[in-house]
Amino acid sequence: MNTVLSTLRSPRKLTTEILAGLVTSLALIPEVVSFAVIAGVDPKVALYTSCVMAITIAFVGGRPAMVSAAAGATALVIAPLVASHGLDYLIAGVWLAGALQIVLALAGVARLMRFIPRSVMIGFVNALAILIFSAQLGHLFDVPWLVYPLVAFGIAMVVFIPKLTTAVPAALIAIIVLTGVVVLFGVDVPDVADQGELPGGFPTWMIPDVPLTLETLRIIAPYAVGLALVGLMESLMTAKLVDDITDSHSDKTREAWGQGVANGVAALFGGMGGCAMIGQTMINVKEGRARTRISTFCAGMFLLLLCVTVGDVVGAIPMAALVAVMIVIAVTTFDWHSIAPRTLKLMPVSETLVMLVTVIGTLATDNLAVGVVAGVLTAMVAFARRVAHMTRVRALDVDGVRTYKVSGELFWASSNDLVYQFDYVDDPERVVIDLTDAEVWDASTVATFDSVLHKYSEKGKSATIVGLDGASLRRVEMLSGNLGDS
């Protein structure tokens, strides 16, 4: 097991973590600058946010090697607030969002991750890969033709260098080589400096100049809630993905409140808020082979130092190099097995539908959180429909008594049609409804049986329910006759 202490004692492991952090920091710069444009803030705000969040989450987060920074999903949430009220209200909103994330973490929101089906997780991964790939397309259109061979050469290096050596991350080698080629031969292609101005100094404290009134709370609360929920969902889903890649378990509750702390600290430095950066985390974990908090800390520190001390050098990195790395990440992240003809043939249609809804919901909104929610809701409906069709009603006649044997899980989806399974007109004077092989799960089912008994009573017939025990019996005894008109 890779721990911080064991890594510090191993020069080889420590080198791996440091180099992974360096590659990740280089990949962060153009991404967070583009997110600053989406949010409507100065690029320096996004870069400072990323530095502070990465360093903070390295200490307080629950998923080692996961990288948090200013993210696209959160930028979309806060953009209207920035446009209408400016940076000060944004910072106040980020503070509130951080506090809400801590409260939600302490309330156990991370435990809801157990309800994320595998099909949603696959859809999340595939949508993530598509988003990463599509984000690179903007750097491949309306550019000098030399960009294309540079990207192709970069992809080849990232793919084939690991077959020769894994001592240094292939992504770092590709970035260094392509930068050297561009600088040495004076090739005029888009570079990092073209994406926005890099900061020239260290971040400073910033207290938002907003009135402490209910009106301020009314303005920032909706955006803070959105920022908190989107940030938590993306971070917890990314943590689960990293768990699967590294075959290790993370503390989701700690990650949840850690995100709140990181957002709060970022706001102290005038940050725009953020969450786990999925693409950069994949670079850190997959390409860099990082496994500990050291890499996350190094990513934040390198990002800060590179921007402040050698901004001109960083600015000279061709976008083609970073695009090549991200394309390889996108292709390797996509779950190709999930769309193989044999898999689609064997997989239940409902499972495939859930995956597609997750992907489509994400791509339609550019928001992974929306796609995940849509996927989970679809999975819930599909599950309810499947379970509802497992309910069976059999009629038996013994000594002039009609007995209906009901089996299955009885809840709102399965019990709504149950009322039509009985022959109120032609049944004998005495009817028994046997629920020995059934479970009653909700008030809807109790109300249905109340309606059934009432219909028999209107016909002057005697109907009784037998076979209940445990929680089902207690539920019926508590609710029967107390749910309104039958």
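Above this note sits the structure.
Let me begin by describing the structure that accompanies this report. (Residues numbered from 1 in each chain as written. Predicted model: local features only at pLDDT ≥ 70, side-chain atom pairs only at ≥ 80, totals over all residues. Heavy atoms only, no water.)

Digging into the overall build of the protein
And step 1. For the protein, the count of helices and strands is 20 helices and six strands.
And step 2. Dimensions of the protein along its principal axes, counting C-alpha atoms only, are 100 × 60 × 50 Å.
And step 3. Sequence separation of at least 24 residues holds for 83% of the intrachain contacts in the protein that already meet a minimum separation of 6.
And step 4. Put simply, the protein shows about 22,100 Å² of open surface, and 65% of that area lies on carbon and sulfur atoms.
And step 5. Of the side-chain charges in the protein, 31 are positive and 39 negative, and the distance between the mean point of each set is 9 Å. (Helix = DSSP H or I, 4+ residues; strand = E, 2+ residues; numbered from the N terminus. Contact = heavy atoms within 4.5 Å. Areas by Shrake-Rupley, 256 points an atom, 1.4 Å probe, with all protein chains shown as cover. Lys, Arg positive; Asp, Glu negative; His and termini not counted. Charge placed at Lys NZ, Arg CZ, Asp CG, Glu CD.)

Let's talk about the sheet that holds strand 3 (residues 392-398)
And step 1. The mixed open sheet is built from four strands, whose spatial order is 3-4-5-6. Either end of the sheet is taken by a strand with one partner, and the two such strands are strand 3 and strand 6 (462-466). Neighbour-to-neighbour, the strand axes of the sheet open up by a mean angle of 20°, direction not taken into account.
And step 2. By the bridge criterion, nine bridges tie strand 4 (residues 401-410) to strand 5 (residues 430-440) in an arrangement that is parallel. (Pairing = 2+ DSSP bridges. Axes fitted to C-alpha atoms, helices over the stretch in contact; angles between N-to-C directions.)

Focus on the pattern of salt bridges
And step 1. Evaluation of the coordinates by the stated rule reveals six salt bridges.
And step 2. The shortest N-O distance in the salt bridge between Arg-218 and Glu-215 comes to 2.5 Å. Note that Arg-218 and Glu-215 are positioned in helix 9 (residues 214-246) at a spacing of three residues, about one turn of the helix.
And step 3. Salt bridges sharing common partners tie together Arg-63, Asp-243 and Lys-252. (Salt bridge = Lys/Arg side-chain N within 4 Å of Asp/Glu carboxyl O.)

So, the packing of helix 6 (residues 118-137) against helix 9
And step 1. Two elements in contact, helix 6 and helix 9, have axes whose closest approach is 11 Å; the angle formed by their N-to-C orientations is 95°. The pairing of helix 6 with helix 9 is recorded here as roughly perpendicular in orientation. Facing helix 6, whose interface residues are Met-121, Phe-124, Val-125 and Leu-128, helix 9 presents Met-237, Thr-238, Lys-240 and Leu-241. (Parallel < 35°, antiparallel > 145°, perpendicular 65-115°, else oblique.)

Focus: the packing of aromatic side chains
And step 1. Scanning the entire structure with this criterion turns up eight aromatic pairs.
And step 2. Seen from their ring centres, Phe-334 and Trp-336 are 4.6 Å apart, and the 45° between their planes marks the pair as tilted.
And step 3. In this structure Phe-334 comes out as buried when scored by relative accessible area, which is 15%.
And step 4. Here Phe-422 and Tyr-456 contribute two aromatic rings whose centre-to-centre distance is 6.4 Å and whose plane-to-plane angle is 80°, an arrangement assigned as edge-to-face. Of this pair, Phe-422 sits in the loop between helix 18 (412-415) and strand 5 while Tyr-456 sits in helix 19 (residues 443-458), placing them 34 residues apart in sequence. (Phe/Tyr/Trp six-rings, centres within 6.5 Å; stacked < 30°, edge-to-face > 60°. Buried < 20%, exposed > 50% of the residue type's maximum accessible area, 1.4 Å probe, protein only.)

Here we look at a nonpolar patch on the surface
And step 1. Residues Val-331, Trp-336, Ile-339 and Leu-344 make up a contiguous nonpolar surface patch of about 360 Å² in total accessible area.
And step 2. Since its relative accessible area comes to 36%, Ile-339 is described here as partly exposed. (Patch = residues over 30% accessible without salt bridge, like charges linked within 9 Å, V, L, I, M, F, W, Y side chains within 5 Å.)

Regarding helix 12 (residues 293-309)
And step 1. The end-to-end C-alpha separation of helix 12 is 24 Å, in line with the 24 Å expected for 17 residues at 1.5 Å each.
And step 2. Counting buried positions over the 17 residues of helix 12 gives 12, a clear majority of the element.
And step 3. Those residues of helix 12 that sit buried are Arg-293, Ile-294, Ser-295, Thr-296, Cys-298, Ala-299, Gly-300, Leu-303, Leu-304, Leu-306, Cys-307 and Val-308.
And step 4. Where helix 12 is buried, its residues contact helix 1 (4-8), helix 2 (11-39), helix 3 (43-60), helix 10 (252-268), helix 11 (278-287) and helix 13 (311-315). (Expected span 1.5 Å × (residues − 1).)

As for the side chain of Gln-101
And step 1. Within the fold, Gln-101 resides in helix 5 (residues 87-106).
And step 2. Exposure remark for Gln-101: the relative accessible area of 0% places this residue in the buried category.
And step 3. Ignoring sequence-local partners within four residues, the contact set of Gln-101 consists of Leu-227, Ala-228, Gly-231, Leu-232, Ala-256, Trp-257, Gln-259, Gly-260 and Asn-263.

Side note on the environment of Thr-16
And step 1. Locating Thr-16 in the fold gives a position in helix 2.
And step 2. C-alpha separation for the pair Thr-16 and Ala-374, spaced 358 residues apart in sequence, amounts to 38 Å.
And step 3. In this structure, Thr-16 is in contact with Gly-288 and Arg-289, ignoring residues within four places of it in sequence.

Structural notes on the environment of Val-181
And step 1. Along the chain, Val-181 turns up in helix 8 (residues 170-185).
And step 2. A relative accessible area of 27% means that Val-181 is categorised as partly exposed.
And step 3. Measuring from C-alpha to C-alpha, the distance between Val-181 and Pro-318 comes to 9.7 Å, with 137 residues separating the pair along the chain.
And step 4. Discounting chain neighbours no more than four positions away, the residues touching Val-181 are Leu-150, Gly-186 and Val-187.

Focus: the environment of Leu-131
And step 1. Inspection of the secondary structure assignment puts Leu-131 in helix 6.
And step 2. Excluding its chain neighbours within four sequence positions, the residues that come into contact with Leu-131 are Thr-362, Leu-363, Asp-366 and Leu-368.

What about the side chain of Thr-358?
And step 1. Tracing the sequence through the fold places Thr-358 in helix 16 (residues 349-365).
And step 2. By relative accessible area, Thr-358 is classed as buried at 0%.
And step 3. Of note is the side chain of Thr-358, whose polar atom sits 2.9 Å from the backbone oxygen of Val-354.
And step 4. Among residues more than four places away in sequence, those in contact with Thr-358 are Val-120, Gly-123, Phe-124, Gly-371, Val-372 and Gly-375. (Polar contact = N/O pair within 3.5 Å; in protein donor to acceptor, adjacent residues only side chain to side chain.)

Focus on the pairing of strand 3
And step 1. Strand direction decides the pairing type here: strand 3 and strand 4, joined by seven bridges, are antiparallel. Within strand 4, the residue paired with Leu-396 across the bridge is Thr-403.
And step 2. Between the antiparallel neighbours strand 3 and strand 4 lie two residues, among them Asp-399 with a positive phi of about 55°.

A short note on the pairing of strand 6
And step 1. Of the strand pairs in this sheet, strand 5 and strand 6 are connected by five bridges, and their pairing is parallel. Pairing of Ile-433 across the sheet is with Ile-465, part of strand 6.
And step 2. For the crossover from strand 5 across helix 19 to strand 6, the handedness is right-handed. (Right-handed = clockwise from strand over helix to strand, strands pointing away.)

Comments concerning the packing of helix 16 against helix 17 (residues 368-388)
And step 1. At a minimum axis distance of 7 Å, the contact between helix 16 and helix 17 shows a crossing angle of 155°. Taken together, the axes of helix 16 and helix 17 are roughly antiparallel relative to one another. By crossing handedness, the relation of helix 16 to helix 17 is classed as right-handed. Residues Ser-350, Glu-351, Leu-353, Val-354, Val-357, Thr-358, Gly-361, Thr-362 and Thr-365 of helix 16 lie in contact with helix 17, whose contacting residues are Leu-368, Val-370, Gly-371, Val-372, Ala-374, Gly-375, Thr-378, Ala-379, Ala-382 and Arg-386.
And step 2. For the contact of helix 16 with helix 17, the residue count by class is nine nonpolar, eight polar and two charged. (Left-handed = near helix turned anticlockwise from the far one by under 90°. Nonpolar A, V, L, I, M, F, W, Y, C, P; charged D, E, K, R; others polar.)

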